[in-house]
Amino acid sequence: MYVDVVKRFGASKVLDVGSGTGTLASLLAELEISVLGLDPASASIDIAQSKVVSDFAEFIVAEAPDIADDPARHRGFDLATMTANVAQVFLDDDEWLATLRAIHSCLRPAGRLVFEARRPSDRAWIRWTKELTWRVVDVDGEGPVETWVQVTEVNGEYVSFDSPTIFHSDGERINSTSTLRFRTEDAVKGSLTDAGFGTIDVHDLPYAPGRGWLFIASA
């Protein structure tokens, strides 16, 4: 989906905020599109750097505000992305607005920010149970890996959940707890306006119609 958006707008320089292990960056680099991936998790960046070896891809352990003060390197992006849950991990309004403002400052005039968010009305969290999300997948070099998601708390717009990972090869279990914020459409649009974005288009999320939005905001 994001690759199609990048192609649609003819972007040649992309900022991927919350790039994780480099999935999107890898696809863009293969198309010889320059991409800078940012993620605060050093382990994710390590994986991205090991699997995406390309002159078109760079990865930094950082968040958007960390690079906004470096005009020599981090300006003039045609497009910025926040894929999957990234836009919803910013729980505090000030942190969210600071991130949007930093992204805005990194875009060229008329550049675009593209990201997704779940509709609160869909109440996606009711499907986040072990019974509905449990799976075992074979991972190269690791063998069977077991995962699931289980909601632990719903507090207004904030939804917390556990997502354990169990490696069957040695029994190692990695526990992860996360919280996402389910903002309304108006709240998201308001924050984009406050951050300096102009035209804001909101579309149904292509891979989950009726369950999420795709926001496209112009700098």
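Above: the structure in question.
Within any chain, residue numbers begin from 1 and follow the written order of that chain's sequence. Under the rules for a predicted model, residues below a pLDDT of 70 receive no local features and side-chain atom pairs below 80 are neither given nor counted, while totals for whole chains, interfaces and linings still include all residues. With hydrogens and water excluded, all non-hydrogen atoms of the structure serve as input to the side-chain values.

## Structural notes on the overall build of the protein chain
Item 1. Numbering of helices and strands starts at the N terminus; helices are DSSP runs of H or I of at least 4 residues and strands are runs of E of at least 2. When helices and strands are counted, the protein chain shows 7 helices and 14 strands.
Item 2. Compactness check: the protein chain gives a C-alpha radius of gyration of 18 Å against a globular reference of 17 Å for 219 residues, within 12% of the reference.
Item 3. Taking the principal axes of the C-alpha coordinates as reference, the protein chain spans close to 50 × 40 × 30 Å.
Item 4. Put simply, the protein chain has 219 residues, and 44% of those count as buried.
Item 5. Throughout, a contact is declared for two residues whenever any of their heavy atoms are within 4.5 Å. A fraction of 55% describes how many contacts in the protein chain between residues 6 or more apart in sequence connect residues 24 or more apart.
Item 6. Surface accessibility in these figures is a Shrake-Rupley result with a 1.4 Å probe; residues are shielded only by whichever protein chains are displayed. Entry remark: accessible area of the protein chain is about 10900 Å², with carbon and sulfur atoms responsible for 49%. As defined in this context, the radius of gyration uses C-alpha atoms, and a globule is described by 2.2 Å times the residue total to the power 0.38. Three exposure classes are used, based on accessible area relative to the maximum for each residue type with a 1.4 Å probe and protein chains only: buried under 20%, partly exposed in between, and exposed over 50%.

## With respect to the nonpolar core
Item 1. Leu15, Met82, Ile103, Leu113, Phe115, Leu192 and Phe197 are the most contacted members of the largest nonpolar core, which has 33 residues in total.
Item 2. Elements with a minimum of two residues in this core: strand E1 (13-17), strand E2 (34-39), helix H4 (64-67), strand E4 (77-82), helix H5 (93-106), strand E5 (107-118), helix H7 (185-194) and strand E14 (212-218).
Item 3. Here this core gets 6 residues from one element, more than from any other, and that element is H5.
Item 4. Setting aside residues up to four positions removed in sequence, Leu113 forms contacts with Ala80, Thr81, Met82, Leu100, Ile103, Leu107, Leu192, Phe197, Phe215, Ile216 and Ala217.
Item 5. Among the buried residues, those of types Ala, Val, Leu, Ile, Met, Phe, Trp, Tyr and Cys that are joined through side-chain atoms within 4.5 Å form a nonpolar core. The next biggest cluster of nonpolar side chains, apart from the first, holds 23 residues, and it includes Ile45, Val52, Val114 and Leu214.

## Here we look at the pattern of salt bridges
Item 1. Should a side-chain nitrogen of Lys or Arg be within 4 Å of a carboxyl oxygen of Asp or Glu, the pair is scored as a salt bridge. Per the stated rule, a full pass over the model turns up 6 salt bridges.
Item 2. Notably, a salt bridge pairs Asp93 with Arg183, separated by 3.5 Å at the nearest N-O pair. In this pair, Asp93 sits in helix H5 while Arg183 sits in the loop between strand E12 (177-181) and H7, placing the two residues 90 residues apart along the sequence.

## Points about unusual backbone geometry
Item 1. Despite not being glycine, Ala84 shows a phi value in the positive range, around 50°.
Item 2. Note that Ala84 resides in the loop between E4 and H5.
Item 3. With a relative accessible area of 42%, Ala84 lands in the partly exposed category.
Item 4. We note that Ala110 has phi near 70°; this positive angle belongs to a residue other than glycine.
Item 5. Within the secondary structure, Ala110 sits in strand E5.

## A few points about the sheet that holds E14
Item 1. For two strands to be treated as a pair, DSSP must find at least two bridges joining them. Pairing is mixed across the open sheet formed by 7 strands, whose spatial order is E3-E2-E1-E4-E5-E14-E13. At either margin of the open sheet sits one strand with a lone partner, and together these are strand E3 (57-61) and strand E13 (200-204). Neighbour to neighbour, the strand axes of the sheet diverge by 15° on average, direction disregarded.
Item 2. Bridge count between E4 and E5: 5 bridges; the pairing is parallel. Residue pairing across strands places Met82 opposite Phe115, the latter belonging to E5.
Item 3. Axis definition: a line fit to C-alpha positions, over the contact stretch in the case of helices; interaxial angles, taken between N-to-C directions, run 0 to 180 degrees. In the packing of helix H2 (residues 23-30) onto the sheet, contacts are made with E1, E2, E3 and E4, and the angle to E1 comes to roughly 170°.
Item 4. In the packing of helix H3 (residues 42-51) onto the sheet, the strands contacted are E2 and E3, and the crossing angle to E3 comes to about 165°.

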